[in-house]
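Close look at the chain arrangement
Below, each chain spelled out in residue letters.
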Amino acid sequence: LATMVGYEDTLKQLEDYKIPKHKIEHIHLWKKLIPRIQFLESFAKECKIKNLDGNMANKDIVNKEEGLAFLDNDTELYKLLIESFLFDNNFQIETMENLVQQANPENPKSMVAAAKCIHYIKGAARQLCANPLAQEAEKLERILNGKETGDIIAKKNKIKTLYIQTKETLENILQEL
């Protein structure tokens, strides 16, 4: 019943187990609710790491506790890494956008330059435990290096969104530290 699989079979099984008819009738209500429940389950999976307003929670963008633990709780080093991410030219979104926009498979140097920039962002995101950004950056890096196929511009746009969220979260974390 919980999975709503085999509705008719479930009714038959309940009758076989001598479940009173009035209790079985409640199951008919479930049949009407099944499409709504399936929608809600699907929606919940889609929004697993999001708040109700559609924005990821700060902890889902950057896991500060995990990042500090990775550095043996050295807050000064964590601050330094955050400042590097926020202010170092290697990690600026404009640089990434320009390099990825110019990336052209017919010009291998442009692909390498874009992949190198994405690699820096991926590495910094991993160090800070900004896992969603690191994961998306890795996907784009694999595309730029020819290991996978995919829509470079769509990935760039997704990384840009995650980068902005990560930057805002890191600025907040820096204030807290």
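In the block above lies the structure referred to throughout.
Residues numbered from 1 in each chain as written. Predicted model: local features only at pLDDT ≥ 70, side-chain atom pairs only at ≥ 80, totals over all residues. Heavy atoms only, no water.

Things to note about the pattern of salt bridges
- With the rule as written, the count across this model stands at 10 salt bridges.
- In this structure, K64 engages E176 in a salt bridge whose closest nitrogen and oxygen atoms are separated by 2.9 Å. Of this pair, K64 sits in helix α4 (residues 64-70) while E176 sits in helix α9 (residues 152-176), and the two are 112 residues apart along the sequence.
- Of the charged contacts in the structure, one is a salt bridge between R142 and E148, with a shortest N-O distance of 2.7 Å.
- Three or more residues are tied together by salt bridges with common partners; here these are E136, K139, K155 and K158. (Salt bridge = Lys/Arg side-chain N within 4 Å of Asp/Glu carboxyl O. Helix = DSSP H or I, 4+ residues; strand = E, 2+ residues; numbered from the N terminus.)

Notes on the packing of aromatic side chains
- Throughout the structure, instances matching the rule amount to 1 aromatic pair.
- The interplanar angle of 35° and the centroid separation of 5.4 Å between the aromatic rings of F85 and Y163 together place this pair among those described as tilted. Taken together, the residues span a long stretch of sequence, with F85 in helix α5 (residues 75-87) and Y163 in helix α9 at a distance of 78 residues. Neither residue differs from the other here; F85 and Y163 are each classed as buried. (Phe/Tyr/Trp six-rings, centres within 6.5 Å; stacked < 30°, edge-to-face > 60°. Buried < 20%, exposed > 50% of the residue type's maximum accessible area, 1.4 Å probe, protein only.)

Looking at the side chain of K122
- Take K122: it is sitting in helix α7 (residues 108-128).
- When its relative accessible area of 10% is taken as the criterion, K122 is described as buried.
- Leave out the neighbours within four places in its chain, and K122 touches A134, A137, E138 and E141. (Contact = heavy atoms within 4.5 Å.)

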